[in-house]
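Secondary and tertiary structure notes
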Amino acid sequence: MKLCHFFILISAIKWSVFGHQTGSRYKTKLTADPPWTVVFPGETVTLNCHTSGPGGWKYSWALEKQGTTVPLKDSNGEDGSQYILSSVSESDGGKYWCQAGRGNEQSDSDSHTLAVSNVKASAVVTIDYPDSVVFSGESVTLSCVVKGASGGWRYSWARNTKGRLENLFRSSAEDQQYYTLSPVTVSDSGQYMCQAERGSKPIIQTYPGFHILEVSDPPKSVLTLELEWMEVFITESVTMRCDIPLGSKWIYEWYRDGQEILVDRASSNSINGNRYTILSTAQSDRGIYTCRGHRSRKSVYSETSNAVTLQLTCKCFFNFASFCL
């Protein structure tokens, strides 16, 4: 069978339920309101057919489901150009078509596939933050996402703080999918809840989503001097370690006598830079050392650490103290 004959045969089978032959110089368009391909039980979907060119068209509808195409009745409007699915159920899922006819001329539409979910939609709250610990002064954004569903949702937010529920917006709206706290404070800690809804008759609501936000004040850094013995001689190696008890993703800064030390990564023996090693100490390395950390966004710094004094002892030769390195 030639390819062109194959397509003609398929088209004839597809529209045999209407009792018409296909083919027209005019184009028929099928649109859905709302346009989502996934809807939920109880929602209303309105299908509309429109044909370009002069008027006078009459419309017929069909539903293809599990390989079988059946005609649909009870379309709306004098010309049948509208088909309303009121309070959809799972049985309404399938591929919808319409055909326009005028005299001996027919025009076919594209299809609209509709799936009716068998589960209630649920909202999920996510946070745009790389760490589990959030510190006051930083900026965080919570996002509300509806799992397995298309758009058209209106979002509302609430916060549960020690049993007290607070609405964060007066009403739900499409532009409230995100909730930003900038700068965040310790008092912003709590359980954040988001719920989405769409439609009007009836309103379809999701299961709410939750996220527990814990905000802490920046921690204090702790500086220790790692020594194998109590005395440090000039030319010996010395390592200092800076520890920050909460969170991760810290970038460490080092100070001697209040002035920042520009530390090369090569001088550190840890991946995150929380160790500072002086490979060969000199007189100029004496002083009071401190450290602190900041986050990658540089919006929050840890408290400066305790001070550690580095004292160096000369190496003496032949028991003459005046000969030192």
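A quick note: this is a predicted structure, and the numbers were derived from the prediction, not measured.

1. Topic: the state of the cysteines
Evaluated as defined, the whole model comprises three disulfides. Between Cys242 and Cys291 runs a disulfide, and the two sulfur atoms are separated by 2.1 Å. Judged by the sign of its S-S torsion, about 85 degrees, the cystine formed by Cys242 and Cys291 is right-handed. One end of the pair, Cys242, is in strand E21 (residues 238-243); the other, Cys291, is in strand E25 (residues 287-294), with 49 residues separating them in the sequence. Just as Cys242 is buried, Cys291 falls in that class too. What connects to what in the chain, once the bonded cysteines are numbered by sequence position, is 1-2, 3-4, 5-6.

2. Comments concerning the sheet that holds strand E12 (residues 140-146)
One open sheet accounts for three strands, arranged E10-E12-E15; its pairing is antiparallel. Across the chains shown, the open sheet's two edge strands, defined by having one partner strand only, are strand E10 (123-127) and strand E15 (178-181). Across the sheet, the mean angle from the axis of one strand to that of its neighbour is 20 degrees, orientation sign disregarded. In terms of strand pairing, E12 meets E15 through four bridges, oriented antiparallel. Within E15, the position partnered with Thr141 by the bridge is Thr180.

Rules used throughout
Residues numbered from 1 in each chain as written. Predicted model: local features only at pLDDT ≥ 70, side-chain atom pairs only at ≥ 80, totals over all residues. Heavy atoms only, no water. Disulfide = S-S within 2.5 Å. Helix = DSSP H or I, 4+ residues; strand = E, 2+ residues; numbered from the N terminus. Buried < 20%, exposed > 50% of the residue type's maximum accessible area, 1.4 Å probe, protein only. Pairing = 2+ DSSP bridges. Axes fitted to C-alpha atoms, helices over the stretch in contact; angles between N-to-C directions.

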